[in-house]
Each structure stands twice: as C-alpha cells, then as structure tokens.
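# Chain and residue survey
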Amino acid sequence: METLVSDAQRFLLALDADNTRDWWLAHKAEYDARLKSPALALLEGLSPALESLAGLPVTGKLFRPYNDVRFAKGKPPYKTHLHMMWQIQDDDAKQAPVFFFGIDLARVTVGAGLMMFEKDMLADWRLFADQDHKRMNGVMDQVEDAGFTLWEPALKRVPPPYPADHPAARLLRMKGCVASGPLPDGPLEKRILAAFSDLQPLNAVLLSIASA
C-alpha cells in the first residue's frame, strides 16, 4: 500500500509519454497489479473508518482509466491520473457528498464536498447561506484553517435576489462546494484519514442541508 503513490506516478509518467492503445495493452497487467489492485484495497480498507467518521455507510468507487474520446478530437485515450472516492450514503439526502483521493503526475490530493449541486440542493444551499451564514462561513473558515482550499465559485456575481455585499457572498456564488489540498508526508492511510477528519465538517454541513 505504501508504494501506491510512487508506483502510480511512475506508471502515469510513462503513460503520459506514450498515451496509445499499444502501450496500454502492453502494460495493462502492470496497471492491474500495481495501481488497480492496491487502489481497490485502499477503498475497502478505509471504508469502515470513514463510516465511523461520517456516521453513515459509504460506497467506494475507483474511476476508470479510460477517457471518453467520442466527442473530443485529439484527447488522449487514457487518463494520466488515478482517482477514487467514497460517497456517503443517506436515503434522506437530496445529494450525498464525497471524500476523494487522487494521484496525478506530480501531486497527491485529497478533498471533500459536492462538485455540482442539483436544482433542489442549490436552492437549499442558497437558503442556508442566506439564513445561517455565520455557521456556514465558520465551517468554511475551519476547513481553510486546516490547510485546504475551497474551489472558486462558479458565478462571478452574487445571484438575485441577494445583495452583492451579502455576508455569504462567496457561498452564494457557488454552484457546488469542494475543498481540496495536497496530502502531507507520512503513512498513506493515516494521512488520508487525518485529512478526511479535517474535511468532515464540510461534508457534515452539506449533508445537513441535503437532508433538510
């Protein structure tokens, strides 16, 4: 497990240099043994701890290594990153936030949140940001103080009917809410769990909004 990052980056750098079907087929067994198998073991191994952290079941997912090239001329056929996520399961929630972990050519990243709000979730998010902005801003500050970065809001301006100087202007400009950051040095599983513990307040507030 501790070699997953170095093995993945070594493999991905070689793939980046020759992102072709011939290269992939020649090295598919290496991908399965050195990347896919330990990644699936990581997903399964961390799930019980994440269920305890979130207080709800989680479902792990390893993203496929193939790019969709049907409508993207010139796009390479294979992804030069290894990404996985654990989605919190709550039947009462409109949307379920996730924890995610990724390895790319030069970085190792962890994060949490919801990439894109669905229509009902977006309406509730704005309602909560408007009415409970002190709590929500406090959660965002807590996550940022832990060393994570909130992704830039999708909107340049605060949407109507809210004023441009609203105390939750940044939150109101969001159409999804994700925080991420680099993974520090140390044992892999321990580092990931520590990061997810710091990110849990974000997922908790998202889940409370989604379940309202």
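Every value quoted in this text rests on a predicted model; they were computed, and no experiment measured them. Think of each chain on its own: its residues are numbered from 1, step by step along the sequence as written. Restriction of local features to residues with pLDDT of at least 70 applies here, the model being predicted, together with a cutoff of 80 or more for giving and counting side-chain atom pairs; totals for whole chains, interfaces and linings are based on all residues. Note that water and hydrogens are dropped before the side-chain values are worked out from all heavy atoms of the structure.

### Quick notes on the pairing of strand 4 (residues 108-114)
Using the following cut-off: For each residue, the accessible area found with a 1.4 Å probe, counting protein chains only, is set against the maximum for its type, and the residue is called buried under 20%, exposed over 50%, and partly exposed in between. Numbering of helices and strands starts at the N terminus; helices are DSSP runs of H or I of at least 4 residues and strands are runs of E of at least 2. Pairing between strands is defined by DSSP: at least two bridges between the two strands are required.
With seven of its seven residues buried, strand 4 lies for the most part within the structure. The side-chain alternation of strand 4 yields two buried faces, one formed by Val-108, Val-110, Ala-112 and Leu-114 and the other by Thr-109, Gly-111 and Gly-113. Note: strand 3 (residues 98-103) against strand 4, six bridges, orientation antiparallel. Across the sheet, residue Ile-103 finds its bridge partner in strand 4, namely Val-108. The antiparallel hairpin formed by strand 3 and strand 4 contains four residues in its connecting segment. Strand direction decides the pairing type here: strand 4 and strand 6 (residues 177-182), joined by six bridges, are antiparallel. The partner of Thr-109 across the bridge, within strand 6, is Pro-182.

### Some details on the side chain of Lys-79
In plain terms, the rule: Charge counting treats Lys and Arg as positive and Asp and Glu as negative, with His and both chain ends excluded. A pair is scored as a salt bridge if a Lys or Arg side-chain nitrogen falls within 4 Å of a carboxyl oxygen belonging to Asp or Glu. Pairing of N or O atoms within 3.5 Å defines a polar contact, subject to two protein rules: one partner must be a possible hydrogen donor and the other a possible acceptor, and residues neighboring in sequence count only if both atoms are side-chain atoms. Contacts between residues were defined by any pair of non-hydrogen atoms, one from each residue, lying within 4.5 Å.
Of note, Lys-79 is situated in the loop between strand 1 (58-62) and strand 2 (82-88). The side chain of Lys-79 sits in the buried core without any salt bridge; Asp-68 is the nearest counter-charge, 9.5 Å away. Among the polar contacts made by the side chain of Lys-79, one reaches the main-chain carbonyl oxygen of Arg-64 at a distance of 3.0 Å. Those residues in contact with Lys-79 that lie beyond four places of it in its chain are Leu-12, Leu-15, Phe-63, Arg-64, Pro-65, Tyr-66 and Asn-67.

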